[in-house]
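Analysis of the macromolecular model
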Amino acid sequence: MFDLGILNGKVYITGKFLKANVYIKNGKICDISKSQLEAKKYYDISGKYLLPGFIDPHVHFHLDLGKYISADDFHSGSISGAYGGITTYIDFLDPVRTAEELEKAFEDRLNLAKNSLTDYAFHATIANPTDEPEKILRKARQLGLSSIKLFTTYSSSNRRTYDGYIAELLEKSKQYGVVISIHAENDEIIKKYEKNEIKVKDHSKYRPTITELSEVIKLAEMAEYYNAQLYIVHLTSGKTLDELKKKFKHILGKNVIIESCPHYFYFTDDIYNTEKGYLYTMTPPLRSEEEKELLIKNINYVTTIGTDHCPFNVNEKKKDIVNGMPMGIGGVEFSFVLMYSMFGKKIIDKFTKNIAKYYGLKNKGEILPSYDADLVVFDPYKEWEIKEHHSKSDYIPYKNFRVKGKVLSTISRGRFVVKEGKLNKRIKGSFIKRGEIIW
Ligand SMILES: [Zn+2]
């Protein structure tokens, strides 16, 4: 006997919708069938979509910046995410310089994440490391952190990792089964523009497109040369994407993966000229209307959508200058509906199986027998306005936006986290230890 039967849904299976019932036992998908089989409980979702649980590859819960801590901890972040259909997310460890520090950073973060309602994994983060690359790669793999994030910028706060080191990581990424995830901005060009007081309205002018473009193109060259596994996080610019398409189409999906975030599709840097522009500051910044349109046009070359969820409260962000302002905005609760409203069904894989595949999340991202029963019941036709959220941040960047499609229920390992708007706080997520990743 199955634990739960989800009946009469339009089930998203390997890219197609199939009218079927899905049966769950012990947190796993056991059977997908046209007939009605025996289960302890049934949930009839007639006509609604049944989608794989969404995976957010890029969140910052409880990000401690010293003076500020991001508004959502793992508990509230996982709840807000669950309302948006997110059943698994990947957060980041604090930046480290050695393998020993990495182990400590992992324990600290694991401890903070204990009260997450949904499943989570971590990226290792390095900042100008002193240990040799192989030591870091080995330790990351041993801890189940099969992706290493680094910054090509922020030398002023000693967080930049330099090209020689990056080259060695890329060269060995396949051998160790690790993905190298990079925040790509050209540090030298940023330094050229750096000032002690950059006004909010100038935020994007002081980190112009060329900073991203030049760095990403260089990294793509390196990734091809070394036959590497390179993942570019939070790509902002349609121009960068267009150039990648022209020059590196043959290695996109093979050696290079591009992630972008909903805010780069919805806002432009014009917003920095408005009264509350400070609420929309993040690095890298928003781009021009033209860039945004180019990003939308090239959506097929974006492999994954992450939110870079990192909200703060209004009073913490309310400043005229960006220096010292905590950067980032929220996103987990509305990322899917926003992107679905813009692109429809073709966005689903970018929230599910692509992330599972390129970040090595086994048994996640698809509705198939033996996979984890992480599921989203989605009404594709419901039109509504974003009014409230479950994040602890005190503002919603997308307030009053009209969207199409609504997450009705979210199921994690066979148990409801959210059922028709009602939260079940009694469930607990698990840390997902990742193994070897080979693209
Ligand atoms: Zn980030």
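Refer to the structure printed above.
We now turn to the structure provided with this report. This is a predicted model, so every value here is computed, not measured. Each chain has its residues counted from 1, following the order in which its sequence is written. Where totals are concerned, whole chains, interfaces and linings use all residues; where local detail is concerned, this predicted model gives features only for residues with pLDDT of at least 70, and gives and counts side-chain atom pairs only at 80 or more. Hydrogen atoms and water are omitted, and side-chain values are computed over all heavy atoms in the structure.

1. Re the packing of helix α3 (residues 133–142) against helix α4 (residues 163–176)
Rules: Note on geometry: axes are lines fitted to C-alpha atoms, helical ones only across the stretch in contact, with angles between N-to-C directions running from 0 to 180 degrees. Going along the chain from the N terminus, every DSSP run of H or I of four or more residues is numbered as a helix, and every run of E of two or more is numbered as a strand. Should an angle fall under 35 degrees it is taken as roughly parallel, and over 145 as roughly antiparallel, whereas 65 to 115 is taken as roughly perpendicular and any remaining angle as oblique. Crossing handedness: left-handed means the near helix sits turned counterclockwise from the far one by under a right angle, and right-handed means the same turn made clockwise. Contact definition: two residues touch when any of their heavy atoms are within 4.5 Å. Three categories are distinguished: nonpolar for Ala, Val, Leu, Ile, Met, Phe, Trp, Tyr, Cys and Pro, charged for Asp, Glu, Lys and Arg, and polar for the others, with Gly belonging to the last.
One way to put it is that α3 packs onto α4 with a least axis distance of 10 Å and a crossing angle of 40°. With respect to α4, the axis of α3 lies oblique. Crossing of α3 over α4 shows right-handed handedness. Across the interface between the two elements, P133, E134, I136, L137, R138 and R141 from α3 touch Y165, E168, L169, K172, Q175 and Y176 from α4. Among the residues forming the contact of α3 with α4, the class breakdown is 6 nonpolar, 1 polar and 5 charged.

2. What about the coordination of the zinc ion?
Formally: Water is absent from the atoms considered, so a metal site may look incomplete; donors are defined as N, O and S atoms within 2.8 Å of the metal, or 3.2 Å for Na, K and Ca. With a 1.4 Å probe rolled over the protein chains alone, any residue whose accessible area is under 20% of its type maximum counts as buried; one over 50% counts as exposed, and the rest are partly exposed.
Protein-derived coordination of the zinc ion comes from H58 (NE2), H60 (NE2) and D308 (OD), at a distance range of 2.1 to 2.2 Å. In primary sequence terms, the donor set of the zinc ion follows H-x1-H-x247-D. You can see H58 sitting in the loop between β6 (54–56) and α1 (74–83) and its partner D308 sitting in the loop between β13 (304–305) and α10 (314–317), a full 250 residues away along the chain. Residue classification places D308 among the buried positions, given a relative accessible area of 10%.

3. Some details on helix α7 (residues 238–248)
For the record, the criterion: By the criterion applied in these results, polar contacts are pairs of N or O atoms within 3.5 Å in which, for protein atoms, one can donate a hydrogen and the other can accept it, and in which residues neighboring in sequence qualify only through two side-chain atoms.
Along α7, the residues that are buried comprise G238, T240, L241, D242, E243, L244 and F248. By the N-cap criterion, in which a side-chain oxygen at the helix start approaches the backbone nitrogen of a residue two or three places on, α7 is capped by S237, the distance to K239 being 3.1 Å.

4. A look at the pairing of strand β5 (residues 49–52)
What counts is decided by this rule: At least two DSSP bridges between two strands are required for those strands to pair.
Note that strand β1 (residues 2–13) and β5 share 2 bridges and pair parallel. For V11, the partnering residue across the bridge sits in β5 and is L50. Where β5 and strand β14 (residues 375–385) come together, 4 bridges link them in antiparallel fashion. The partner of L51 across the bridge, within β14, is V376.

5. What about the sheet that holds strand β11 (residues 230–235)?
Strand order in the open sheet formed by 8 strands is β6-β7-β8-β9-β10-β11-β12-β13, and the pairing between neighbours is parallel. Pairing within the sheet leaves two strands with one partner each, and these edge strands are β6 and β13. As judged from the 5 bridges shared by strand β7 (residues 86–92) and strand β8 (residues 119–125), these two strands associate in the parallel manner. Within β8, the residue paired with Y89 across the bridge is Y120. Along the sheet, helix α6 (residues 209–225) contacts β10 (179–183), β11 and β12 (256–260); its crossing angle with β11, the most-contacted strand, is approximately 165°.

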